[in-house]
Amino acid sequence: MKVTFLKKWLIASEESTGFEIKKGVGMGYSCNANCECGFNQDGITVGAGMIGFERQSQFPHYCENCGVVEPNVQEQEIACPSCKSKTIIAYGNEMVSKQNELHDSIQWGKYKMPCNGNLCPKCKRLSLQFKIAKLFD
Ligand SMILES: [Zn+2]
Ligand SMILES: [Zn+2]
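Conventions used here
Residues numbered from 1 in each chain as written. Chains lettered and ligands numbered in written order. Predicted model: local features only at pLDDT ≥ 70, side-chain atom pairs only at ≥ 80, totals over all residues. Pairing = 2+ DSSP bridges. Helix = DSSP H or I, 4+ residues; strand = E, 2+ residues; numbered from the N terminus. Contact = placed C-beta atoms within 7 Å. Core = buried A, V, L, I, M, F, W, Y, C linked by C-beta atoms within 7 Å. Buried ≥ 20, exposed ≤ 12 C-beta atoms within 10 Å, placed from the backbone.

Colleague: Lay out the sheet that holds strand β4 (residues 61–63) in plain terms, naming residues and giving numbers.
Modeller: Read across the open sheet, the three strands follow the order β5-β4-β6; overall the sheet is antiparallel. A single partner strand is all that each edge strand has here, and the edge strands are β5 (67–69) and β6 (89–90). By the bridge criterion, three bridges tie β4 to β5 in an arrangement that is antiparallel. Among the inter-strand pairings, Cys 63 is bridged to a residue of β5, identified as Gly 67.

Structure (C-alpha cells):
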C-alpha cells in the first residue's frame, strides 16, 4: 500500500515538476531489524518516505533513549523524531556498527550500514541485523 502510494506520488510529481525519475533506481527500502535476543522492529524506512525524497529521506539511527529511530536526514540538524535528541548515531558509524561487516550493506546516499553487526537497543550487543523487506522503486 505504501509502495503504491509512493508510485502515485512520483508519477504526480514527475508530471507537475518535470523531475526526472530514473527507471530502475530504487527510491528506498523498507527494512526489518532483529536480534538474537528477541528484539524485532519492522517497517524501518531507508531512503524516500511518503513525502518525497528531496524533502524527506530517512536512515536508521541509534538513539540512546528510543532505540532504532528513522530521522529525516535531509534536515539541517538531524534529531531523533521521538525524543528530539541530537546525539543520535547513524548506523554504519563505528560506534554502533561493526566495520568489518560492511561488505554486506544497505546504503542510502552517503549512509551505509552493515546488514550484520549493529548495536541492539535491547541487549546492547553488536548483534542486530538489518534485512531489506521491500524495495520502493
Ligand atoms: Zn530518541
Ligand atoms: Zn539484542
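Colleague: A description of the environment of Asp 104 should follow, citing residues and the corresponding values.
Modeller: Position of Asp 104 relative to the elements: it lies in the loop between β6 and β7 (105–108). As for Asp 104 and Pro 114, which are separated by 10 residues in sequence, their C-alpha atoms are 5.7 Å apart. When near neighbours in sequence (up to four residues on either side) are disregarded, Asp 104 contacts Pro 114, Cys 115 and Asn 116.

Colleague: Quick rundown of the nonpolar core? Include the residues and the values.
Modeller: If you look at soluble globular proteins, the nonpolar side chains tend to sit buried side by side. Cys 31, Ala 33, Val 46, Tyr 62 and Ile 106 are the most contacted members of the largest nonpolar core, which totals 25 residues. Of all the elements in the fold, those that place two or more residues in this core are β1 (28–35), β2 (40–48), β4, β5, β7, β8 (111–114) and β9 (128–136). When residues no more than four places from it in sequence are discounted, the contact partners of Ile 106 are Tyr 29, Cys 31, Val 46, Met 113, Cys 115, Phe 130 and Ile 132.

Colleague: Break down unusual backbone geometry for me, citing the residues and quoting the values.
Modeller: Even without being glycine, Lys 84 reaches a positive phi, approximately 65°. Tracing the chain through its elements places Lys 84 in the loop between β5 and β6. Its identity is not glycine, yet Lys 124 carries a phi of approximately 60°, on the positive side. Along the chain, the position of Lys 124 falls in the loop between β8 and β9. Lys 124 sits in the exposed class, given 10 other C-beta atoms within 10 Å.

These figures come from the coordinates and say nothing about function on their own.
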